[in-house]
Amino acid sequence: MLSMLMGAGAFPRPLELDGAHRFLARRPRANEPPRAVVVRFHRYTNRECFLRWAKKEWSSRWENAEIRIYQDWSAELAKKRAGFNRAKVVLHGKGVKFGLLQPA
């Protein structure tokens, strides 16, 4: 599905996934969004390629369903990023473009 969504030849190496699964939830009705899916890439280069594509095309369509892609953060990193929430609100209110880099 990912290769078809991004187009043929989008990945620098053959796509290998260590795992992919849907969250436990009931099957959505026709007018509801699809369930969330978690994917673990085997190769870091494919993961980074996919995330760069997702940053540009963060909302896409697959079989008449909207697909949104988000990077998963660890709980520790999410707490660190949440510490900047007040600053982000102020910057957003002033119309300043901003972003947070993930610590290496």
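Rules of the game
- Residues numbered from 1 in each chain as written.
- Predicted model: local features only at pLDDT ≥ 70, side-chain atom pairs only at ≥ 80, totals over all residues.
- Heavy atoms only, no water.
- Core = buried A, V, L, I, M, F, W, Y, C linked by side-chain atoms within 4.5 Å.
- Buried < 20%, exposed > 50% of the residue type's maximum accessible area, 1.4 Å probe, protein only.
- Helix = DSSP H or I, 4+ residues; strand = E, 2+ residues; numbered from the N terminus.
- Salt bridge = Lys/Arg side-chain N within 4 Å of Asp/Glu carboxyl O.
- Contact = heavy atoms within 4.5 Å.
- pLDDT = per-residue confidence, 0-100.

Undergrad: Tell me about the nonpolar core, and please be specific about residues and values.
TA: Within the largest apolar cluster, 11 residues are counted, these being Leu2, Leu5, Met6, Phe11, Phe41, Cys49, Phe50, Trp53, Ala54, Ile67 and Ile69. Breaking this core down by element, the ones donating at least two residues are helix H1 (2-6) and helix H2 (44-56).

Undergrad: Before we move on, could you go through the pattern of salt bridges and cite the residues and values that matter?
TA: By the definition in use, this model includes four salt bridges. One salt bridge connects Glu16 with Arg43, and the closest N-O pair in it is separated by 2.8 Å. Taken together, the positions of Glu16 in the loop between H1 and strand E1 (17-22) and Arg43 in the loop between strand E2 (37-41) and H2 put the pair 27 residues apart, joining distant regions of the chain. Taking the relative accessible area as the measure of exposure, Glu16 reaches 32% and is therefore partly exposed.

Undergrad: Describe the side chain of Asn46, with residues and values.
TA: Tracing the backbone shows Asn46 in helix H2. When neighbours within four sequence positions are excluded, Asn46 is seen to be in contact with Phe11, Pro12, Arg13, Pro14, Leu15, Glu16 and Phe41.

Undergrad: Go over the confidence of the model for the protein, please, and point to the residues and values.
TA: Overall, the prediction assigns the protein a mean pLDDT of 79, with 89% of residues at 70 or greater. Mean pLDDT values over the elements of the protein span from 70, in H1, up to 92, in helix H4 (residues 85-93).

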